[in-house]
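Summary of the model geometry
Now for the letters of each chain:
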Amino acid sequence: MRFSIKNISKKIPGIFPYFTAVLIMVSLSLVNPSWAGGKNTFTIIDFEGRQVEIPAQINRVVTISDGMIAGVMTCLGQAEKIVGIGSPCLPKTWAYDIPSSTGAAHEYREGMNPVFFLNPFLAGLPLVSQFGSGINFEAIAKLAPDLIIVRTGSCSLCASKDILAKNIRLLASLGAPLVVLHGPNTFDRPDIGSLSREIELLGAVFQKQNRAKEVADFLLASVNGIKARTADIPPDKQKRVLMLGLSPTARENGGAGHVKGEKTVQTYLLNEFAHAKNAFSGTGAWNILNAEQIIGLDPDLIVLVTAWGYHPPEELYDAPYYKNLRHLRAVENKAVTALPWTPCNCEKRLEYPIDVMVMARAAYPERFTDIDLCDWLHQFYMTVYGVNRDTATRLVSCQWMDWACQGGNQ
């Protein structure tokens, strides 16, 4: 399908989602996508409530997300159709040297998004969007895609509603079918069920509904199994957890780190499935706290999140610049754990059950004594991506979760 950008400045009325009605429409479209005459195209309803005519034969897809769309396409066996990507975090590997008080650095190598390990060809694809630079509409047009799929809430699409609506209008004006997804954090109240609906919508787009539902159901079953193990913990016995990002950006601004607060998908997962409490009562995802404020919170458990880099427990235990946090109760008790390496951590992706398992198991280890986390991780990757155990082992390493297979670690 060929198209031009000559109408890119045309004013097209935008409709930003009225979420409840839209999600009902999306659910109906997944059950019964409608076919146009001759079955050369069929119609779905995306998260914007837009009716989108999808070609029956899709060969060239441009995606804008931090890996969610490419991840689902990988599960569906459709990743090779991607011709343009919207995140610099997809085709990249990372390495970190975490300083220690002894001078010997803690080395972390070959970290990456699991999607890149599974699809190394992504390194050769054009980058059509990235955080801070906006969308390159002309580059998308030159790729002549059969389909454009974008996800709001991703790092490249996390601006204000007005700017997002404008970007959606401009993308739609290019002429190729445009499918818009919304990540959980874009809703007033995060709900991981919306991620399942994203997966199923992509299943409908690529006519792989059965496999998409299988993946979505497995992810929900994984977190619901964790929820069942912790559901009877009374509120006064629930652990107080600080979700802390040991961000160099925060340190440059006089803080000790970024803290995830209320009304974020991280807190929703912590409360809903791990049955633990956020030790920080503020709202928002990027709150900068200094050492005194963190010490004052006195959490039972510290969960280290991706925040402008990877941050293992060793950084809090051993890095010279965190010496003033050494006497935190959680640090002294070695009650610090790290979530998987998640570059461009703006929205949750297919690996979100790993976050829930790590948080719940660290908060209530006595409830998970029968779970071998290493084997659980292998089974997770094998089921989601349809890979063998050797590949699953490599995926564990890509997200720097090898500690789960070494024993004696949080």
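In the block above lies the structure referred to throughout.
Residues numbered from 1 in each chain as written. Predicted model: local features only at pLDDT ≥ 70, side-chain atom pairs only at ≥ 80, totals over all residues. Heavy atoms only, no water.

**Some remarks on the packing of helix H13 (residues 352-363) against helix H14 (residues 373-385)**
Two quantities define a packed helix pair, namely the angle between the axes and the distance from one axis to the other. One can describe the packing of H13 onto H14 by two numbers: an axis separation of 11 Å at closest approach and a directional angle of 165°. Comparing the axis directions of H13 and H14 gives the class roughly antiparallel. By crossing handedness, the relation of H13 to H14 is classed as right-handed. Along its contact with H13, which presents Pro353, Ile354, Met357 and Arg361, the element H14 presents Leu373, Trp376, Leu377, Phe380 and Tyr381. Residue composition of the contact of H13 with H14, grouped by class: 8 nonpolar, no polar and 1 charged. (Axes fitted to C-alpha atoms, helices over the stretch in contact; angles between N-to-C directions. Helix = DSSP H or I, 4+ residues; strand = E, 2+ residues; numbered from the N terminus. Parallel < 35°, antiparallel > 145°, perpendicular 65-115°, else oblique. Left-handed = near helix turned anticlockwise from the far one by under 90°. Contact = heavy atoms within 4.5 Å. Nonpolar A, V, L, I, M, F, W, Y, C, P; charged D, E, K, R; others polar.)

**Structural notes on the state of the cysteines**
On inspection of all chains with the given rule, the structure shows 3 disulfides. What pairs with cysteine 155 in a disulfide is cysteine 346, and their sulfur atoms sit 2.0 Å apart. Negative torsions about the S-S bond denote left-handed disulfides, and the value of about 95° found for cysteine 155 with cysteine 346 makes this one right-handed. Separated by 191 residues along the polypeptide, cysteine 155 in the loop between strand S10 (147-152) and helix H5 (161-172) and cysteine 346 in the loop between strand S17 (336-338) and H13 bring together distant segments of the chain. Exposure remark for cysteine 346: the relative accessible area of 24% places this residue in the partly exposed category. (Disulfide = S-S within 2.5 Å. Buried < 20%, exposed > 50% of the residue type's maximum accessible area, 1.4 Å probe, protein only.)

**Examining the packing of aromatic side chains**
In total, this model carries 13 aromatic pairs according to the counting rule given. Taking the centre distance of 5.1 Å and the plane angle of 65° together, the rings of tyrosine 321 and tyrosine 322 count as edge-to-face. Residue class for tyrosine 321 comes out partly exposed when judged on its relative accessible area of 33%. Overall, the relative accessible area of 1% leaves tyrosine 322 in the buried class. Lying across the ring of tyrosine 317, lysine 334 places its NZ or CZ 4.7 Å from the centre. (Phe/Tyr/Trp six-rings, centres within 6.5 Å; stacked < 30°, edge-to-face > 60°. Lys NZ or Arg CZ within 6 Å of the ring centre and 35° of its normal.)

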